[in-house]
Amino acid sequence: LAASDICVLPSLSEGMSNAIIEYMAARKPVVATQVGGNPELIDDGKTGILVEAADSINLAKAIIKFISNRNLITALGEEGERRVQEKFSLDQMINNYQRFFEAACKKEIRILHLISSNGLYGAENVVLNIAKNMNFNGTKSLIVTIKNLHNPHSELFDEALKKGIPVQAIESRGRFDKKTTDQLVETIQREQISIIHSHNYKANFTGLLAAQKTRIPIVATNHLWTQAGFKLRLYEFFDSLLLRKFKKIIAVSEQVRKDMLKANIPADKIKVIKNGVSSTNKTGDVTKLKTEFGIPDNALIIGCIARLSPEKGHTYLIKAAKKLANSNQNVYLIIFGDGLSREELKNEVRNLALEKIILFAGYRNDIDNIYPALDIL
């Protein structure tokens, strides 16, 4: 981030983007799509530029507007940093969650954060931040990950251990495994948990069953309903039915709150708590990444850090990169992350003959060291 000039996020859907908050905290102007909570973060024309989703032409125009005006980069970046300090600090998010849990449970709070994780993404980082920073004023946090044996992922578990956060894993052999609920009930009773905080539809289902058996309150954070594909829309529809039985539901943005209201979740159950980030690394070796990928020293590097999934909109950034290539700008695009869309995106790059300027870096666990070498995200 330190070496970046501009940050770009071309998503088709967002809840409350941690990436955008990090970009602004690092004093970088942002080009992003006008979806989800993005307009709540970006004051168009003051801290960044908003464009319509799936509009690669205007996405390219917005990027070029920054490239051709370095003073604009500085001005919008500084304003963005001020906005994050005022509205989206990590302390504010933690204090809001603290008050939320205290209101939900009028005794010593022992929180079990439950999540079925497929990697280390935005929701997982929110869980880590809450669990790590809320262990004060009598609050105790435990992360429980649902380990899907057919598709195991240990990234969140490993990161929690590294950060010194209490964490456990319970196994699941399918979507509705009774043994998973039994393991969770056992953990709740052993750890004397006072409230369950769940984070996605599988965790919501398992957590609700366990809460009913142990007679403790359950709350959830809705990070986003992506509505990507029939199968996921079906899961999210059933999730909306489940959430009506919860004590409270946190929406990470006003747009997520509106989505839940449309799904007939009672307004008095919903509380908006926006995501926050701590200060980011602004210094580092800016040459290492160029050496790794054989990029010329005078080139501008655009980075996109997100899971490779349709709702993240990578395909439109690739189309925008084709237009950038045609403009004779000395620009390279590095796509960081992994996911189901990996091969499809690589094929698109090959079909557009962009292999020389669009590079796939895969999943990286050294993102803090990568940010300083990027010019634009």
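It should be noted that the structure appears before, not after, this text.
Overview of the structure. Position numbers for residues start from 1 in each chain and track the written sequence from start to end. Thresholds applied to this predicted model are a pLDDT of at least 70 for local features of residues and 80 or more for the giving and counting of side-chain atom pairs; totals over whole chains, interfaces and linings are not thresholded and use all residues. Each side-chain value is derived from all of the structure's non-hydrogen atoms; neither hydrogens nor water enter the calculation.

In these notes, a set of buried Ala, Val, Leu, Ile, Met, Phe, Trp, Tyr and Cys residues joined through side-chain atoms within 4.5 Å is what counts as a nonpolar core. Residue exposure (1.4 Å probe, protein chains only): buried if accessible area is under 20% of the type maximum, exposed if over 50%, otherwise partly exposed. Counting 65 residues, the largest nonpolar core has Leu 112, Ile 196 and Met 260 as the members making the most contacts within it. A per-element tally of this core places helix α1 (residues 18-25) first, with six residues. By definition in these notes, contact holds between two residues if any of their heavy atoms fall within 4.5 Å. If we ignore the near neighbours within four places in the chain, the residues touching Ile 196 are Leu 112, Leu 114, Ile 188, Gly 207, Ala 210, Ala 211, Ile 216, Pro 217, Ile 218 and Val 219. Counting residues in each nonpolar core, the second largest holds 31 residues, with Val 31, Leu 59, Ala 60 and Leu 333 among its members. Secondary structure elements are defined from DSSP: runs of H or I of at least 4 residues count as helices, runs of E of at least 2 residues count as strands, and each element is numbered from the N terminus.

Before going further, it helps to spend a moment on the sheet that holds strand β10 (residues 270-272). Pairing between strands requires that DSSP locate at least two bridges from one strand to the other. Taken together, the seven strands give an open sheet; going across it, the order is β6-β5-β4-β7-β8-β9-β10, and neighbouring strands pair in parallel fashion. Edge positions in the sheet fall to β6 (167-172) and β10, since each has one partner strand and no second. On average, each strand axis in the sheet is inclined to that of its neighbour by 25°, with strand direction left out of account. Bridging between strand β5 (residues 140-148) and β6 involves six bridges; their strand directions are parallel. Note on β6: the bridge partner recorded for Val 144 is Gln 168. Fitting a line to C-alpha atoms yields each axis, with helices limited to the stretch in contact; the angle taken between N-to-C directions then spans 0 to 180 degrees.

With that settled, consider the pattern of salt bridges. In what follows, salt bridge is the name for a side-chain nitrogen of Lys or Arg lying within 4 Å of a carboxyl oxygen of Asp or Glu. Tallied over the full model, the rule gives 17 salt bridges. Across the salt bridge formed by Glu 311 and Arg 307, the nearest N and O atoms sit 2.8 Å from each other. Assessed through its relative accessible area of 8%, Glu 311 is described here as buried. For Arg 307, a relative accessible area of 25% puts it in the partly exposed group. One connected set of salt bridges, linked through shared partners, spans Glu 159, Lys 162 and Lys 163.

Extensive coverage of strand β11 (residues 300-305) is indicated by the burial of six of its six residues. In β11, alternate side chains face the same way, and those of Leu 300, Ile 302 and Cys 304 on one face and Ile 301, Gly 303 and Ile 305 on the other are all buried. Alignment of β11 against strand β12 (residues 331-336), held across six bridges, turns out to be parallel. The residue bridging Cys 304 from the neighbouring strand is Ile 335, located in β12. Considered for its hand, the β-α-β crossover made up of β11, helix α13 (residues 314-326) and β12 is right-handed. Place the viewer so that the strands point away; then a crossover is right-handed whenever the path from the first strand over the helix to the second strand goes clockwise.

Glancing now at the sheet that holds strand β13 (residues 358-362). Pairing is parallel across the open sheet formed by three strands, whose spatial order is β11-β12-β13. The open sheet has two free edges, formed respectively by β11 and β13, since each of these has just one partner strand. The mean inter-strand angle of the sheet, taken between neighbouring strand axes irrespective of direction, is 25°. Both β12 and β13 contribute to a ladder of four bridges, which runs parallel. Looking across to β13, one finds that Ile 334 is bridged to Leu 359.

Listed in full, the buried residues belonging to helix α14 (residues 342-351) are Leu 345, Glu 348 and Val 349. Seen from one end, α14 has its buried residues packed into an arc of 100°, which puts them on one side. In α14, the exposed residues that point more than 90 degrees away from the buried face are Glu 344 and Asn 351. Positive backbone phi, at 55°, marks Ala 353, one or two positions downstream of α14. What the arc describes is the spread of directions from the helix axis to the C-beta atoms.

There is a patch of like positive charges on the surface, built from Arg 99, Lys 247, Lys 248 and Lys 271. Following the sequence through the fold, Lys 247 ends up in the loop between α10 (230-243) and β9 (248-251). The partly exposed category is assigned to Lys 247, whose relative accessible area is 41%. The patches reported here contain residues having more than 30% relative accessible area and no salt bridge. Joining distances are 9 Å for like charges and 5 Å for nonpolar side chains (Val, Leu, Ile, Met, Phe, Trp, Tyr). Each accessible area is a Shrake-Rupley estimate made with a 1.4 Å probe; only the visible protein chains count as cover when residues are assessed. In this charge count, Lys and Arg are treated as positive and Asp and Glu as negative; neither His nor the chain ends contribute. A single reference atom marks each charge: NZ on Lys, CZ on Arg, CG on Asp, CD on Glu.

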